[in-house]
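One letter stands for each residue in the lines below.
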Amino acid sequence: MKRGIASFVRTAGKLFFDRRSRVPAISPPKHVVVIRWDGKYGDAFVSSFFYRELRKLEGCLVTVIAPVALAELHEKYFDVDHVLTSSPNPGFSELLRLLRKLRGIDTVVHLVGRVPVREMAFMWLLRPQNVFSLDDDLNWVNGRMGGATAGMSFSMKYASVLQQMGIEGIDRTPRIPVPGAQTAERCFDVVVNSFGSRADKSLKASRTIQALQSIADWAPHMRVGLLSSPSTSQQAEIIARAAGRTNVEVIQGVNTIYDAIAIIAAAGMVISVDTAVVHIASGLRKKLVAIYPSQGQEINPWLPEPSPTTRVLFTQAASDSREKNMDAFKDSELIAALSAVIEQPSISIESTKYVED
């Protein structure tokens with residue numbers, strides 16, 4: 001029933017707001033709006049190179065629409081001209097507010113798979129010349145990226161948009177604001193992040209305890225730090241105590257994304273279930289074990305970039321369920337992945353492009 005209603009609403013939305021009879025040729029943009037209002041930190045870092053590469057187009061202005069939490073990151077570190085803030089999924093009234101602030105827009109980049117009706121209306125009122133989207137079904141999308149980039153990572157999808165704009169020699173290295181050198185107290189041999197953005201994307205406390213014990217026993221000479229945020233710090237303290245290993249502790253003083261970046265930048269190895277931490281570590285060329293839920297034959301576009309110093313450990317869902325089960329991996333698999341990355345030579349940080357705070 002709900003699916004039928006949604007289909008009807010979309011059909012009606014296309015009838016009212018998707019009326020262009022002629023798809024214009026893509027031309028070099030003069031003012032690009034990148035819509036990231038549903039974005040999170042991981043998404044932001046993956047696409048951060050996009051703004052740097054856009055600067056190869058002389059005189060091109062770049063405006064980003066993003067949640068308040070990501071505004072400073074884009075303004076201060078990603079080299080964009082303007083940032084407009086919005087809620088994660090803005091309604092009609094908020095979209096109208098944004099429209100009043102947007103002038104001279106010729107190109108929109110909105111890489112989502114299915115554009116809601118309210119956003120169709122937003123585009124129709126904005127009337128850009130070029131629209132890049134993964135929703136190939138809409139007539140006013142002339143930068144059809146859905147079929148053309150199927151199976152690609154999101155980093156490659158954004159690079160494909162740049163290529164269609166005529167930009168060559170694209171460098172997909174993310175821009176990550178790395179602070180100065182850390183004190184010895186904040187340097188860890190192994191940084192473990194078991195907390196995702198939601199409970200179903202996190203390891204359970206009991207599974208984290210078991211994994212920490214295995215890591216600590218595998219490398220008793222290494223300092224193992226459990227990464228947390230203000231909302232998970234108390235739980236992290238309980239987990240670290242329950243692990244009962246002298247070389248396991250909670251990393252203190254992590255209150256912002258910049259604090260987390262500082263810890264990751266100083267780490268020897270990183271283990272994470274969270275894509276933000278994964279992509280920060282990957283961008284900083286850290287030895288990394290990323291834990292992702294298995295999607296069967298479906299390609300996950302949020303995987304880290306392939307590297308000799310990166311291993312992806314896929315968890316297995318129950319055979320009778322499509323739900324994620326982040327705990328479904330063996331400690332032996334985790335230790336094997338750690339053993340594989342620790343044997344690889346580190347990649348010099350000078351070979352990456354990043355922003356110093």
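Relevant structure appears above.
Residues numbered from 1 in each chain as written. Predicted model: local features only at pLDDT ≥ 70, side-chain atom pairs only at ≥ 80, totals over all residues. Heavy atoms only, no water.

A. Representation of the overall build of the protein within the structure. Broken down by element type, the protein carries twelve helices and 14 strands. Here the protein holds 357 residues, and the buried ones make up 51% of them. For the protein, long-range pairs separated by at least 24 residues make up 66% of all intrachain contacts whose partners lie at least 6 apart in sequence. Within the structure as shown, the protein displays about 16800 Å² of accessible surface, and the carbon and sulfur contribution to it stands at 53%. (Helix = DSSP H or I, 4+ residues; strand = E, 2+ residues; numbered from the N terminus. Buried < 20%, exposed > 50% of the residue type's maximum accessible area, 1.4 Å probe, protein only. Contact = heavy atoms within 4.5 Å. Areas by Shrake-Rupley, 256 points an atom, 1.4 Å probe, with all protein chains shown as cover.)

B. Focus on the sheet that holds strand β5 (residues 130-133). As summarised here, the arrangement of the six strands in space is β3-β2-β1-β4-β5-β6, forming an open sheet in which the pairing is parallel. Every interior strand has two partners, whereas the edge strands, β3 (82-85) and β6 (143-144), have only one. For strand β2 (residues 61-66) and β3, the ladder comprises four bridges, and the chain directions are parallel. Within β3, the position partnered with Thr63 by the bridge is His82. Here helix α5 (residues 92-101) sits on the sheet and contacts β2 and β3; the angle it forms with β3, its principal contact strand, is near 160°. Helix α6 (residues 117-126) contacts β1 (31-35), β2 and β4 (107-110) of the sheet and is inclined by roughly 165° relative to β4. (Pairing = 2+ DSSP bridges. Axes fitted to C-alpha atoms, helices over the stretch in contact; angles between N-to-C directions.)

C. Focus on the sheet that holds strand β8 (residues 190-193). Read across the open sheet, the six strands follow the order β10-β9-β8-β11-β12-β13; overall the sheet is parallel. The open sheet terminates on both sides in strands that have one partner only, identified here as β10 (248-250) and β13 (310-315). In this sheet, neighbouring strand axes are inclined to one another by 20° on average, regardless of whether the strands run parallel or antiparallel.

D. Structural context of α6. Most of α6 is tucked away, with seven of its ten residues classed as buried. Burial in α6 covers these residues: Val117, Glu119, Met120, Ala121, Phe122, Met123 and Leu126. Following α6 by one or two positions, Arg127 adopts a phi angle in the positive range, close to 55°.

E. View of the pairing of strand β12 (residues 287-293). Taken across its seven residues, β12 has seven buried, putting it largely inside the fold. A crossover connection joins strand β11 (residues 269-272) to the parallel β12 through helix α11 (residues 275-283); in handedness this β-α-β unit is right-handed. As paired elements, β12 and β13 share six bridges and run parallel to each other. The residue of β13 that forms the bridge with Ile291 is Leu313. (Right-handed = clockwise from strand over helix to strand, strands pointing away.)

F. Structural context of the environment of Leu73. Considering the arrangement of structural elements, one finds Leu73 in helix α4 (residues 68-77). For the pair formed by Leu73 and Val83, sequence separation is ten residues and the distance between their alpha carbons is 9.9 Å. Apart from residues no more than four positions distant in its own chain, Leu73 is found in contact with Tyr41, Ala44, Phe45, Phe78, Pro177 and Tyr258.

G. The nonpolar core, seen in detail. Of all hydrophobic cores here, the largest spans 56 residues; its most connected members are Phe50, Leu54, Val109 and Met165. Contacts of Met165, omitting those with residues within four sequence positions, involve Pro29, Val32, Phe50, Leu54, Leu57, Thr107, Val109 and Phe132. The next biggest cluster of nonpolar side chains, apart from the first, holds 32 residues, and it includes Val192, Ala219, Leu338 and Val341. (Core = buried A, V, L, I, M, F, W, Y, C linked by side-chain atoms within 4.5 Å.)

H. Quick peek at helix α9 (residues 233-243). Along α9, the positions that sit buried rather than exposed are Ala236, Ile239, Ala240 and Ala243. Projection of α9 onto a plane perpendicular to its axis shows the buried side chains occupying an angular sector of 95°, all on one side. Exposed and facing more than 90 degrees away from the buried side of α9 are Gln234, Ile238 and Arg241. Along its buried surface, α9 packs onto α8 (205-218), β9 (224-226) and β10. Note on α9: the residue one or two positions beyond its end, Gly244, has a positive phi of about 65°. (Arc of directions from axis to C-beta.)

I. Representation of the environment of Met156 in the model. Here Met156 is to be found in helix α7 (residues 154-164). Relative accessible area serves as the criterion here: at 29%, Met156 is assigned to the partly exposed category. The spacing of Met156 and Pro301 is 145 residues in sequence and 9.1 Å in space, taken between C-alpha atoms.

J. Up close: the pattern of salt bridges. Inspection of every chain in the model, using the stated rule, returns 13 salt bridges. Glu53 is the partner of Lys56 in a salt bridge, and the nearest nitrogen-oxygen pair spans 2.6 Å. With a relative accessible area of 3%, Glu53 lands in the buried category. Across the salt bridge formed by Arg223 and Glu249, the nearest N and O atoms sit 2.9 Å from each other. Linking Arg223 in the loop between α8 and β9 with Glu249 in strand β10, this pair joins segments that are 26 residues apart in sequence. A relative accessible area of 29% means that Glu249 is categorised as partly exposed. Among the ionic contacts, a cluster of salt bridges with common partners joins Arg52, Glu53, Lys56 and Asp171. (Salt bridge = Lys/Arg side-chain N within 4 Å of Asp/Glu carboxyl O.)

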